[in-house]
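Summary of structural features
Okay, here's what each chain looks like letter by letter:
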There are 2 protein chains.
Amino acid sequence: MASGSIDAKLRKRAERVIPGGMYGHMAVQRGMPEGYPQFFERASGCRLWDVDGNEYIDFMCSYGPMIAGYGNPRIRAAADAQRERFDIGDGPPPVLVELAEKFTGQITHADWAVFAKNGNDATTICNMIARAHTGKRKILVGESAYHGSQPWANRRARGTPPEEHIHYPTYRFNDVEHVRATARKAGGDLAGIVVSSYKHDVPQRQELVDPAFAREVRKICDAESAVLILDDVRGGLRLSLDASWSELGVQPDLSAWGKAIANGEPLAAVLGSEPYREAASSIFYTGSFWYQGAPFAAAIETLDVLKEVNAPRRMEQLGQQFRDGLYEQAQRHGFGIHQSGPPQMPMIEFENDSKKTQVASFCANALRHGVYLHPWHNMFLSIAHTEADIEQALEGTDKAFGELP
Amino acid sequence: MASGSIDAKLRKRAERVIPGGMYGHMAVQRGMPEGYPQFFERASGCRLWDVDGNEYIDFMCSYGPMIAGYGNPRIRAAADAQRERFDIGDGPPPVLVELAEKFTGQITHADWAVFAKNGNDATTICNMIARAHTGKRKILVGESAYHGSQPWANRRARGTPPEEHIHYPTYRFNDVEHVRATARKAGGDLAGIVVSSYKHDVPQRQELVDPAFAREVRKICDAESAVLILDDVRGGLRLSLDASWSELGVQPDLSAWGKAIANGEPLAAVLGSEPYREAASSIFYTGSFWYQGAPFAAAIETLDVLKEVNAPRRMEQLGQQFRDGLYEQAQRHGFGIHQSGPPQMPMIEFENDSKKTQVASFCANALRHGVYLHPWHNMFLSIAHTEADIEQALEGTDKAFGELP
């Protein structure tokens, strides 16, 4: 953003009243290329407008929550109608039950549901249930996996004493021997293993889950009477309309959901299978806004909308169109690139670019041509993208390649 | 609710798909008297309607979030207008900055702000900042205080190994000697002390904060270079338009907010003073929905609406009217009752009622007469209540006393 821009002025104001100018994953000063806007003023379909009026085709989808288009009319109408009648009160509206019925009806392993606000609420509740059920303490997590920013899930140095992690030993994703060894070390104290849908450990290269790994983790949990916890917060409903490991024939015991399940209305969920119902009802977890009606209504409509178009396959097609186009352009412009992850959650890297300077330049160029990409985080497609949007985005990326030194 | 009621039918459906039929503080089966509805379908001003069409004057205000009336037209309009333009995207809308400016401008100790979704997000972030700033580990908490349901704050048996609490020693609220001794035991490892606005440790009798205790805790923090963290999630904006200990002349270093700050839109906040800005910007905390625009817009309007009527004093008056009426009625009907806490966050107990059976009967009776009270949790007034509402509620409670055995 130019120094006289509205964005720049807002950043100056933000600098005074927000530590570092912005917090968390949306803080563009945390490693985004020069030129990325911090503040936005309009969103519609797959498009965003920053506060200076620049329009972008969005490949981040709010880092996942948007899956059916910003302001999707059906989902907005459902949420607004519920909000008008009843959003909060001294108990939930019936739509909580309707969503629990619908969601558990759709997800193979699920017999019951519990709702919260953050994906991290859901992963935390899964751990609590696993420990309550087993009476054991150790929860295995992927060594660089992200399950939220609460201290147990957050090893980013300051602010979290190492004691917060003593019961969270780490294993290497897709490494059967390593997860087996880590489980063995936990001995009789293994309460559960948390797995991501696939390896999307920012800023590393993405890696799909090895079906043999998935099956082995399931076996270890069965052998050790430990709980298999699937973190589908990021991948949920983009990879599959079922829990994401279902397509491999592996069912988790508990699954954590968030981000896209209500198309951006704040909602997270834990789904569980029958044996864990008693443990789930024996412990206490709650939040002031966890019974809010509008997000439940939005989620019900979101599940319908996504099912009607077989959203995961639709986003996979669109992502593949984008991926094929980028490979073709890179080759034509003489660049070696690597694209990883499922096409609907793509990530792009340049060869010999360990400091990510080239991919950062590429993204900054694309941004100027109206395409909002991310240089080191997986991106997200939505069903609001069309083939024409992808083509238009590819026109922008073609120029972006052309402008690289 | 009668067995043929809509509420009863919904509970049967919920029993199948939600562990125990409902989770958390809104689960009426967790100790609410017979007859309390679980599900609601309409809310307006200070009134709620359950799914069977029964109307209640609400003294729980959604357990705090509602402070300016369900569906407050000004706040709803502000939230809806923001939602229409921009709710979520790849960065926040400008209204985040506007709220940070407004909120820090109103709260004496605050120089900066960070926003989240759950009150418990805010208390957790305060702990992280305190540890990052001091490089120390121990955070003192009140021995029966509630700062959320995340494991560090949740000692309710199963699901939380005791190791989660080794760095959270407990002190007795209002007990200067005890907090001093506990701080001494933490030795050079004292990162912070978390205090509630006042003692509202459900289901105990409420206790206002002793000003000498507040001053002493401040002194201990200063002497030990520890951080004073005020949990104003429950009391915030009901006790004061400033941080709640401001009226005692005691300023916290960090304060946690949630519940009422956006009149029910999901929002929490950490406010901090200058010395903690660097620590706050050095650590990572985030959530998928923490940048959502509508709740920021709602919070800005809520702060205005509350200031215009000096909301804490207004709610105190209304609460006092209710309290006076209840004392008069109790005496007239021959019951000894005790009312505790600030009038705007009242709690009622019956004498010689350690099992809370009499207060439960009283509340169940009041409910049948259209007054939604709570038998063992503090209640909440709002500025949507009027003197006429309180009078009408007192007509209901008068009958409720009369029907007691």
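Residues numbered from 1 in each chain as written. Chains lettered and ligands numbered in written order. Predicted model: local features only at pLDDT ≥ 70, side-chain atom pairs only at ≥ 80, totals over all residues.

Focus on the sheet that holds strand β2 (residues 47-50) of chain A
Residue and element names in this part refer to chain A. Applied cut-off: When DSSP finds two or more bridges between a pair of strands, those strands are recorded as paired. Strands are runs of DSSP state E lasting at least two residues, helices are runs of H or I lasting at least four, and both sets are numbered from the N terminus onward.
Across the sheet, 4 strands lie side by side as β1-β2-β3-β13; this open sheet has mixed pairing. The open sheet is flanked by β1 (40-44) and β13 (371-372), the only strands paired with a single partner. Pairing analysis gives 3 bridges linking β2 to strand β3 (residues 55-58), with the strands arranged antiparallel. Residue pairing across strands places L48 opposite Y56, the latter belonging to β3.

Thoughts on the relation of the copies chain A and chain B
One copy of the chain maps onto the second through a rotation around an axis plus a translation along that axis. Rules: When the copies are overlaid, the least-squares fit takes in C-alpha atoms only where the residue has pLDDT of at least 70 in both copies.
In screw terms, the move from chain A to chain B is a rotation of 180° and a rise of 0.0 Å along the axis, fitting with an RMSD of 0.0 Å. Such a combination of rotation and displacement between the chain copies is what one expects of a two-fold axis.

Thoughts on the pairing of strand β8 (residues 227-231) of chain B
Residue and element names in this part refer to chain B. Applicable threshold: Put simply, a residue is buried when 20 or more other C-beta atoms lie within 10 Å of its own C-beta and exposed when 12 or fewer do; between those, it is partly exposed, and each C-beta is set from the backbone.
Of all 5 residues in β8, 5 are buried; the element is thus mostly enclosed. Of the two faces of β8, the one carrying V227, I229 and D231 and the one carrying L228 and L230 are both buried. Direction of pairing for β8 relative to strand β9 (residues 254-257): parallel, over a ladder of 3 bridges. By the bridge assignment for β9, D231 is matched with A256.

So, the interface of chain A and chain B
Cut-off, in case you're wondering: For every residue pair, C-beta atoms are placed from the backbone, and the pair is scored as a contact if these atoms sit within 7 Å. Three classes are used, and their members are as follows: Ala, Val, Leu, Ile, Met, Phe, Trp, Tyr, Cys and Pro are nonpolar, Asp, Glu, Lys and Arg are charged, and the others, Gly among them, are polar.
Tallying the contact residues gives 86 residues for chain A and 86 residues for chain B. Every element with two or more residues in the side of chain A that touches chain B is listed here: α1 (6-17), β1, α3 (95-106), β4 (112-116), α4 (119-134) and α7 (277-282) of chain A. When residues in the side of chain A that touches chain B are grouped by element, the largest group, 7 residues, is from α4 of chain A. Grouping the amino acids of the side of chain A that touches chain B by side-chain chemistry returns 43 nonpolar, 27 polar and 16 charged.

Considering the domain arrangement of chain A
All names here are of chain A. As a reminder, the rule being used: What marks off one domain from the next here is an automatic or database domain assignment.
Split into domains, chain A comes out as domain 1 (6-63 + 310-402) and domain 2 (73-308). For domain 1 and domain 2, the distance between their C-alpha centres works out to 27 Å. Residue-level contacts link 17 residues of domain 1 with 16 residues of domain 2. Within the residue set of the side of domain 1 that touches domain 2, elements represented by two or more residues are α9 (311-333), β11 (337-340) and β12 (347-350).

Focus on the packing of helix α10 (residues 357-368) of chain A against helix α11 (residues 387-402) of chain A
To characterise two packed helices, one gives the angle between the axes of the helices and the distance between these axes. Residues and elements named next belong to chain A. How we decide: Axis geometry follows a simple rule: fit a line to the C-alpha atoms, using only the stretch in contact for helices, then measure angles between N-to-C directions, giving values from 0 to 180 degrees. In these notes the angle categories are as follows: under 35 degrees is roughly parallel, over 145 is roughly antiparallel, 65 to 115 is roughly perpendicular, and the rest is oblique. Here a crossing is taken to be left-handed if its near helix is turned anticlockwise relative to the far helix by less than a right angle, and right-handed if that turn runs clockwise.
Two numbers describe how α10 lies on α11: the axes approach to 8 Å, and their chain directions differ by 130°. Here α11 runs oblique to α10, going by the angle between their axes. The two elements α10 and α11 cross, and the hand of that crossing is right-handed. Facing α10, whose interface residues are F362, N365 and A366, α11 presents G396, T397, K399, A400 and F401. Taken together, the residues that form the contact of α10 with α11 break down as 4 nonpolar, 3 polar and 1 charged.

Some remarks on the sheet that holds strand β8 (residues 227-231) of chain A
All names here are of chain A. Spatial ordering of the open sheet is given by β4-β10-β9-β8-β7-β5-β6, a layout of 7 strands whose pairing is mixed. On the outer flanks of this sheet lie β4 and β6 (170-171), each paired with one strand and no other. Where β4 lies against strand β10 (residues 268-272), 5 bridges are found, and the strand directions are antiparallel. Across the sheet, residue V114 finds its bridge partner in β10, namely V270.

Details of helix α2 (residues 73-85) of chain A
All names here are of chain A. This is how the line gets drawn: Here the expected length of a helix is defined as 1.5 Å per residue gap, with one fewer gap than residues. What the arc covers is the set of directions going from the helix axis to the C-beta atoms.
With 13 residues, α2 should cover 18 Å at 1.5 Å per step; its first-to-last C-alpha distance of 18 Å lies within 8% of that length. Among all positions of α2, only I75, R76, A78, A79, Q82 and R83 are buried. Taken down its axis, α2 places every buried residue within 165° of arc, on the same side. Considering only its buried residues, α2 is in contact with α3 and α8 (293-308).

Concerning the nonpolar core
For soluble globular proteins, the rule of thumb is that nonpolar side chains tend to be buried together. Just so we agree on the cut-off: A set of buried Ala, Val, Leu, Ile, Met, Phe, Trp, Tyr and Cys residues, joined through C-beta atoms within 7 Å, is what we mean by a nonpolar core.
Ranked by size, the top nonpolar core spans 271 residues in total, and within it A113, I129 and A269 of chain A together with A113, I129 and A269 of chain B carry the most contacts. Excluding residues that lie within four positions of it along the chain, A113 of chain A makes contacts with A100, F103, T104, A269, V270 and L271 of chain A together with V17 and I18 of chain B.

Notes on the packing of helix α5 (residues 176-186) of chain A against helix α6 (residues 211-224) of chain A
Residues and elements named next belong to chain A. For the pair α5 and α6, the least separation of the axes is 10 Å and the interaxial angle reads 15°. The orientation of α5 with respect to α6, classified from their angle, is roughly parallel. Handedness of the crossing formed by α5 with α6: right-handed. Residue-level inspection shows V176, V179, R180 and A183 of α5 in contact with α6, the latter providing A212, F213, E216, V217, I220 and E224. Partitioning the contact of α5 with α6 into residue classes produces 7 nonpolar, no polar and 3 charged.

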